[in-house]
Each structure stands twice: as structure tokens, then as C-alpha cells.
Amino acid sequence: MKEMDNNPMNIFQKEAPEVAKAFDGLIQSLVKSKGLDEKAQQLIYIAMKASQGDATAVSFHVLMAKKLGATKEEIVDAILMTLTVSGIRGVVTCLPTAIENYSKTE
């Protein structure tokens, strides 16, 4: 039996390649916008995904943010910002994973 690929983006690309390609184009156009630098964009993604309790996405964005120079304190603060909007869910779901992934690359 073939092992299942659990990466949601890989499954998305396999099952809906045209939609995935269009989605990637949208993401690339947002990345190229000039209003925010790349680090700020990643911190915002971390906060938005944490507000949804999406620890998997937070993990990926933590690694990207760190590569762009984000500090551990900036990442923690981005997650804590979700408290007033979404309550404690994002903090308890995502903060441990974010800190663990940040520390792995030190």
C-alpha cells in the first residue's frame, strides 16, 4: 500500500491543479505588494492562522518569518495579538508549536 501524503498543499495541488495554480498566483501577487515588508507579512499570517487555531500553518509561517529575521518575541506577540479577537484558542493551540519550531532552527 502506498503511503498517504498528508501535506494539505500537496493534496490540493494533486486534486485541483488549476485551482492550486490560481491560488499560488494570488499568493505571489500578495507577496509582491509593497505596503508591508516580507517579515511583517509573515507575522500577520502567523496571527491570522493562530486566530483560527491552525497550528500547522503557524508552524510553516514561523519558519519563514524566522528566515526573514523575526525574533521569537515578535512571533509570540503576533500570536498573543489574537487574544482580543479570537480568545484563548489560538494561543493554546499554536503558541507551543510556534516556540518549538522556532527553537528547532536555532
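Just above sits the structure.
Residues numbered from 1 in each chain as written. Predicted model: local features only at pLDDT ≥ 70, side-chain atom pairs only at ≥ 80, totals over all residues. Heavy atoms only, no water.

When its secondary structure is counted, the chain shows 7 helices and 0 strands. Beginning at the N terminus, the succession of helices and strands in the chain can be written as α-α-α-α-α-α-α. Across its three principal directions, the C-alpha atoms of the chain cover 40 × 40 × 30 Å. Relative to its 106 residues, the chain shows a buried fraction of 28%. (Helix = DSSP H or I, 4+ residues; strand = E, 2+ residues; numbered from the N terminus. Buried < 20%, exposed > 50% of the residue type's maximum accessible area, 1.4 Å probe, protein only.)

So, about the environment of Ile 88. For Ile 88, the location among the structural elements is in the loop between helix 6 (83-86) and helix 7 (89-104). Sequence separation of Ile 88 and Gly 53 is 35 residues, and the distance between their C-alpha atoms is 9.4 Å.

On to the pattern of salt bridges, then. Enumeration according to the criterion identifies 3 salt bridges in this entry. Measuring nitrogen to oxygen at the nearest pair gives 3.8 Å for the salt bridge that ties Asp 54 to Lys 49. Looking at Asp 54, the relative accessible area reads 26%, which means it is partly exposed. On the basis of relative accessible area, Lys 49 is assigned to the partly exposed category, the value being 26%. (Salt bridge = Lys/Arg side-chain N within 4 Å of Asp/Glu carboxyl O.)

For soluble globular proteins, the rule of thumb is that nonpolar side chains tend to be buried together. By size, the foremost hydrophobic cluster in this structure holds 18 residues, and its most contacted members are Leu 43, Ile 46, Val 58, Val 62, Ile 75, Ile 79 and Ala 98. Elements represented by at least two residues in this core include exactly helix 3 (38-51), helix 4 (55-67), helix 5 (72-80) and helix 7. Considering each element in turn, this core owes the most residues, 5 residues, to helix 7. Contacts of Ile 79, omitting those with residues within four sequence positions, involve Ile 46, Ala 50, Val 58, Gly 90, Val 91, Cys 94, Leu 95 and Ala 98. (Core = buried A, V, L, I, M, F, W, Y, C linked by side-chain atoms within 4.5 Å. Contact = heavy atoms within 4.5 Å.)

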